[in-house]
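# Structural overview for review
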Amino acid sequence: MIYTLRRATIFVTALTIFSILTITFLPRYLNPTPPDAEERKRDRQWVNSSPYWFDRQVCRYLGLCGIQHIRWDAPTLPGWGPGSDLDMTEEIAKVLGVGNWEEDGAAVFVNKPGSESWEHAPGHVDLKRKRSESSAADNTPLQEVPQYVLDHAPLVHLYSGEHFWPSDMAEHVKHMGLLDEEDGSVNRTDELDLGNLAKLNAKNGTVFLTSMDDVESRPEWLHNRAGIPVEYEDDGDDEHNGNPEKKIPGNNPTVPTDGNTWWDADKQHPPNRIAAPRYRKGGPSYRRMKRFMQGDDGEPQRPIGGAPNDSDDDDDKNKPNPSGYSNGPAVLILVDKGAGILDAFWFFFYSYNLGQTVLGIRFGNHVGDWEHCMVRFDNGIPKAMFLSEHAGGKAYAWPALEKKVQPNGKPPRPVIYSAVGSHAMYATPGLHPYVLPFKLLKDVTDRGPLWDPALNHYSYWYDYEVGLNETETPSSPQSPYLGNPSQPPKNYTSLVPAADNPEAPTNWFHFEGAWGDDVYSLADYRQWRLFGEYHYIVGPLGPKFKYLERRKVCQTDKCTLLWSIEAGEKSSWY
């Protein structure tokens, strides 16, 4: 009896020690971005924010924080009056300009008498932007967006069960204020917009744009259901036989051996080439380059959707196709790396990131969400694409990506997938586990509404060499540039609008704070943390801090260029 009791005591003691060690060190091991000294200091302050002694001790020693707050966190609220699910179909139809709805919820366009559907497509102003040769501000000639960038723009499958759709960052800012540290209130003493956000950089410490609404009341601007893309009219099957049920294998391209190092280049480190492209005037290479920049008709390349044609007998192929249009504009930022290397960053903004669930408990919510993909071009030819996932991402060689055939002889465009809630970008539909073992935490993608960001976006050119002297902090932990320790400049010049939207605001890009709420305190009824994973985390920084000056296609050092879809399924970003 005594022997058995002794063995039981030893077993319980060992199990207790093992559990404490696991609870203490496992979250640190699984964390892909370990905290620094400043973050550990903030964490101690966060734990001390709880008014309950017991809560603080359990949090500090067992990693169970705010367990009294844990509850089911639903994506939407049931029966929310004028915004109920039934009424929202009518509201979306009104915004999109559709006549009625199919039983499955798909919008059906109704032509007005004497008009054609394309003329009244939602957002037709954006689809036919006016061309401008110069900026209205200083009459400086603006650069066009190269046609090859638009021809190879990504098509994004949003999740069919998504609740938080693409948003306009301008609308998002209208609902944000600044947190008063004294009483915890959110105030908006000064009007904030995309033209003045960078003025907040003068404030001490990190600035957090903070929602003026309780996000758990699920205000409509958070969902932006009007941002659901217009139903895509399929002009051709996807590659790989177009079978949506079949796993997409990719083309498994051969790793090139021509010595061209386009995958690792910037202005200070031009790519190695066996023979640099020579654009001898009148020669075939020159003519190909000119067609890229001007088009086959010899005219300067047109902006998005083509310029309006006054002719009454327009050819249908010149009319903007509303398929895939969303009223939530993307942001296109072009970065010239020199020697023919151009990076086209497509940023996608959402007002809310809904985290994933583990055993029915949700983690990772945050206000404001910036996701992106980047296409690297070498003398107008797409070579690879980077897809952002949470704190990292994956990069694929261009031939490995799924494509969608385009009409009128245009090149096929890559098809990528946005995960439900988190909006992380993936190359395939399906389940995508990350961080936690046993697939406890996973993203989910499918072939939901197809979004064409080329139809509605802000477009800019960014000079990263100028930009690196306009910020006090590095653009990324991987950046070799430490930023400018002096005060930010009064006038920012590194980002300029493209010629198709000369009046597009640029000040927002230089805002160095977070686009959403700070981490809610442990005293907040909305917050909990289990084993290092928070229910609500901090809002993201903007595009300027996504390492736009990167030499490699990848955003982080842990990422490598993948040459097949299968390789991507076996790798991880953390």
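Here the structure is a predicted model, which is why all the values come from computation and not from measurement.

### What to know about the sheet that holds strand E5 (residues 176-179)
Sheet architecture is open: 3 strands sit in the order E6-E5-E7, paired in antiparallel fashion. Of all the strands in the sheet, the pair left with one neighbour each is strand E6 (186-187) and strand E7 (209-211). Pairing between E5 and E6: 2 bridges, direction antiparallel. Across the sheet, Leu179 pairs through a bridge with Val186, a residue of E6.

### Some points on the state of the cysteines
Under the definition given, this model contains 1 disulfide. Each sulfur in the disulfide pair Cys59 and Cys65 lies 2.0 Å from the other. The sign of the 75° torsion about the S-S bond sets the Cys59-Cys65 disulfide as right-handed. Accessibility assignment for this pair places Cys59 and Cys65 in one class, buried.

### Overview of the packing of helix H2 (residues 37-48) against helix H3 (residues 53-62)
As a packed pair, H2 and H3 sit with axes 9 Å apart at the nearest point and diverge in direction by 145°. Residues Trp46, Val47 and Asn48 of H2 form the contact with H3, whose own contacting residues are Arg56, Cys59 and Arg60. Here the contact of H2 with H3 is built from residues that sort into 3 nonpolar, 1 polar and 2 charged.

### Overview of the nonpolar core
One recurring pattern in soluble globular proteins is that nonpolar side chains are buried together. Membership of the largest hydrophobic core comes to 48 residues, with the highest contact counts inside it found for Met169, Leu197, Leu209, Val331, Ile333, Trp508 and Trp515. When contributions to this core are tallied by element, the ones reaching two or more residues are helix H7 (169-174), E5, helix H8 (220-223), strand E8 (330-338), strand E9 (341-353), strand E12 (366-378), strand E13 (381-389) and strand E21 (457-462). For this core, the element with the most residues is E9, which contributes 5 residues. Apart from residues lying up to four places away in sequence, Val331 is in contact with Met169, Phe345, Trp346, Phe347, Trp370, His457, Tyr458, Tyr460 and Trp508. Counting residues in each nonpolar core, the second largest holds 34 residues, with Val149, Val156, Trp165 and Leu332 among its members.

### Describing the sheet that holds E9
One open sheet accounts for 8 strands, arranged E22-E21-E8-E9-E12-E13-E14-E25; its pairing is mixed. Sheet topology places strand E22 (495-497) and strand E25 (561-562) at the edges, where each strand pairs with a single neighbour. Looking at chain direction, E9 and E12 are connected through 12 bridges and run antiparallel. Within E12, the residue paired with Trp346 across the bridge is Cys373.

### What to know about the confidence of the model for the chain
Detailed reading of the predicted coordinates is not advisable wherever pLDDT falls low. Of all residues in the chain, 69% have pLDDT values of 70 or greater, and the mean over the chain is 77. The least confident element of the chain is strand E3 (residues 107-108), whose mean pLDDT is 32; the most confident is E21, at 98. Long-range and interchain partners of residues 80-137, a stretch whose pLDDT sits below 50, account for 96 contacts in this model, where long-range means more than four residues apart.

### Looking at the environment of Met374
Residue placement: Met374 occurs in strand E12. Given a relative accessible area of 0%, Met374 falls into the buried group. Spatially, the C-alpha atoms of Met374 and Ala395 are 8.9 Å apart, while their sequence positions differ by 21 residues. When near neighbours in sequence (up to four residues on either side) are disregarded, Met374 contacts Asp343, Ala344, Phe345, Ala384, Met385, Phe386, Arg550, Lys552 and Val553.

### Brief notes about a nonpolar patch on the surface
Taken together, Leu359, Phe438 and Leu440 make up a surface patch of nonpolar side chains, about 410 Å² in accessible area. Overall, Leu359 belongs to the exposed group, its relative accessible area being 79%.

### A look at the side chain of Arg529
Relative to the helices and strands, Arg529 resides in strand E23 (residues 529-530). Taking relative accessible area as the criterion, Arg529 reaches 9% and is therefore assigned buried. Polar side-chain contacts of Arg529 include one of 2.3 Å to the side chain of Asp43. Not counting the four nearest positions on each side in its chain, Arg529 is found in contact with Asp43, Trp46, Val47, Cys59, Gly63, Leu64, Cys65 and Tyr534.

### Brief notes about the pattern of salt bridges
Counted according to the given criterion, the structure contains 16 salt bridges. A salt bridge links Arg526 to Asp214; the shortest N-O distance between them is 3.1 Å. Of the two residues, Arg526 is situated in the loop between E22 and E23 and Asp214 in the loop between E7 and H8; the sequence distance between them amounts to 312 residues. Residue classification places Arg526 among the buried positions, given a relative accessible area of 12%. Residue Asp214 is classed as partly exposed on the basis of its relative accessible area, which comes to 30%. Close ionic contact of Asp343 with Lys337 constitutes a salt bridge, the shortest N to O distance being 2.6 Å. With respect to burial, Asp343 and Lys337 carry one shared label: buried.

### Some remarks on the packing of aromatic side chains
What describes a pair of aromatic rings is the distance from one ring centre to the other and the angle between the planes of the rings. Applying the stated rule across the entire model yields 16 aromatic pairs. An angle of 70° between the planes, with centres 5.0 Å apart, marks the rings of Trp46 and Tyr534 as edge-to-face. A residue pair is termed long-range when its members are at least 10 positions apart, and Trp46 in helix H2 and Tyr534 in strand E24 (residues 533-534) qualify at 488 residues. Here Trp46 falls in the buried class, since its relative accessible area comes to 8%. A centroid spacing of 5.8 Å and a plane angle of 90° characterise the contact between Trp508 and Phe509, whose relative ring orientation is edge-to-face. Of the two residues, Trp508 and Phe509, neither departs from the other in class, the shared state being buried. Ring pairs connect the aromatic residues Phe345, Phe347, Phe349, Trp370, Tyr460, Tyr462, Trp508, Phe509, Phe511 and Trp515, which therefore count as one cluster.

Rules and cut-offs
- Residues numbered from 1 in each chain as written.
- Predicted model: local features only at pLDDT ≥ 70, side-chain atom pairs only at ≥ 80, totals over all residues.
- Heavy atoms only, no water.
- Pairing = 2+ DSSP bridges.
- Helix = DSSP H or I, 4+ residues; strand = E, 2+ residues; numbered from the N terminus.
- Disulfide = S-S within 2.5 Å.
- Buried < 20%, exposed > 50% of the residue type's maximum accessible area, 1.4 Å probe, protein only.
- Axes fitted to C-alpha atoms, helices over the stretch in contact; angles between N-to-C directions.
- Contact = heavy atoms within 4.5 Å.
- Nonpolar A, V, L, I, M, F, W, Y, C, P; charged D, E, K, R; others polar.
- Core = buried A, V, L, I, M, F, W, Y, C linked by side-chain atoms within 4.5 Å.
- pLDDT = per-residue confidence, 0-100.
- Patch = residues over 30% accessible without salt bridge, like charges linked within 9 Å, V, L, I, M, F, W, Y side chains within 5 Å.
- Areas by Shrake-Rupley, 256 points an atom, 1.4 Å probe, with all protein chains shown as cover.
- Salt bridge = Lys/Arg side-chain N within 4 Å of Asp/Glu carboxyl O.
- Polar contact = N/O pair within 3.5 Å; in protein donor to acceptor, adjacent residues only side chain to side chain.
- Phe/Tyr/Trp six-rings, centres within 6.5 Å; stacked < 30°, edge-to-face > 60°.

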